[in-house]
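Chain and residue survey
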Amino acid sequence: MLSKYSDENKKIAMGFLSYISDLKDLNNLEQELQLYSEDENRQLYLWKSNMEDYSGIVALSFSDSTVFIEYVSLNPSYRSQSNVFKIFDDIQQKFPNLVILGNFNLSKQIQQWRQNKQKLEKDMKEKENS
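Residues numbered from 1 in each chain as written. Predicted model: local features only at pLDDT ≥ 70, side-chain atom pairs only at ≥ 80, totals over all residues. Heavy atoms only, no water.

By the naming in an unreviewed UniProt entry, the protein goes by RibT protein and is assigned to Companilactobacillus kimchii DSM 13961 = JCM 10707.

1. Here we look at the pairing of strand β3 (residues 54–62)
Burial within β3 is extensive, with 8 of its 9 residues counted as buried. In the sheet, strand β2 (residues 42–48) pairs with β3 via 7 bridges, with the strands oriented antiparallel. Within β3, the residue paired with W47 across the bridge is G56. Both β3 and strand β4 (residues 66–74) contribute to a ladder of 7 bridges, which runs antiparallel. (Buried < 20%, exposed > 50% of the residue type's maximum accessible area, 1.4 Å probe, protein only. Helix = DSSP H or I, 4+ residues; strand = E, 2+ residues; numbered from the N terminus. Pairing = 2+ DSSP bridges.)

2. A closer look at the sheet that holds β2
On the basis of which strands lie adjacent, the open sheet formed by 5 strands has the order β1-β2-β3-β4-β5 and mixed pairing. The open sheet terminates on both sides in strands that have one partner only, identified here as β1 (2–4) and β5 (99–102). Going from strand to strand, the sheet's axes swing by 35 degrees on average, the running direction of each strand aside. The strands touched by helix α1 (residues 10–17) are β2, β3 and β4; relative to β3, the strand with the most contacts, the crossing angle is about 85 degrees. (Axes fitted to C-alpha atoms, helices over the stretch in contact; angles between N-to-C directions. Contact = heavy atoms within 4.5 Å.)

3. Digging into helix α3 (residues 81–94)
Over its 14 residues, α3 extends 20 Å from the first C-alpha to the last, a length consistent with the 20 Å expected when each residue adds 1.5 Å. Looking at α3, one finds that the buried residues are N83, V84, F85, I87, F88, D90 and I91. Buried residues along α3 sit against β1, β2, β3, β4, β5 and α4 (104–129). (Expected span 1.5 Å × (residues − 1).)

4. Overview of α4
Taking 1.5 Å as the rise per residue, α4 with 26 residues should run 38 Å; its terminal C-alpha atoms sit 38 Å apart, in good agreement. Along α4, the residues that are buried comprise L106, I110 and W113. On the buried face of α4, the contacting elements are β4, α3 and β5. Looking at where α4 begins, the residue whose side-chain oxygen comes 2.9 Å from the main-chain nitrogen of N105 is N103. (Polar contact = N/O pair within 3.5 Å; in protein donor to acceptor, adjacent residues only side chain to side chain.)

5. Side note on the nonpolar core
Ranked by internal contacts, the top residues of the largest apolar core, which has 20 residues, are L60, I69, F88 and I91. Listing elements by their share of this core, those giving two or more residues are β2, β3, β4, α3 and α4. Examining the composition of this core, we find that 5 residues originate from one element, α3, more than from any other. Every residue in contact with L60, bar those within four places of it in the chain, is listed here: Y36, N41, R42, Q43, Y45, V67, F68, I69, E70, I91 and F95. (Core = buried A, V, L, I, M, F, W, Y, C linked by side-chain atoms within 4.5 Å.)

6. Some details on the packing of aromatic side chains
Two aromatic rings are characterised by how far apart their centres lie and by the angle between their planes. Applying the stated rule across the entire model yields 4 aromatic pairs. Ring geometry for F88 and W113: centres 5.6 Å apart, planes at 70 degrees, overall edge-to-face. Taken together, the positions of F88 in helix α3 and W113 in helix α4 put the pair 25 residues apart, joining distant regions of the chain. With respect to burial, F88 and W113 carry one shared label: buried. Within the aromatic cluster, the residues linked to one another by ring pairs are Y45, F62 and F95. One residue, K48, lies across the ring of Y54, its end atom 4.9 Å from the ring centre. Here the guanidinium or amino end of R79 rests over the ring plane of Y19, the centre of that ring lying 4.9 Å away. (Phe/Tyr/Trp six-rings, centres within 6.5 Å; stacked < 30°, edge-to-face > 60°. Lys NZ or Arg CZ within 6 Å of the ring centre and 35° of its normal.)

The structure is reproduced here in structure tokens:
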């Protein structure tokens, strides 16, 4: 589940952002939060893997037809492909009319996620037809 970042979650967001090497410096971290709070085409979302605690943060930027995933930063105990795929699912659910793109590090995972979704959809159709 994605929840839009707000100042009341600043400490939580800072914790997840500090896992990113470029944001370990407090000044960089503060600038990043300010950038996302001032630019309407950029948004931070906290991600919950279940209904209890936040498990990570996702930085998104938007154009007319795309949502671009700048980065995903997860609590170390939640770092898995399946959780990243759940985040992609949540992004698609939240922004169904936008194409999901990602940075160089995420593009391969997004491609795998799409292939996985297509395979699941194909398998479900075959199951329905049999």
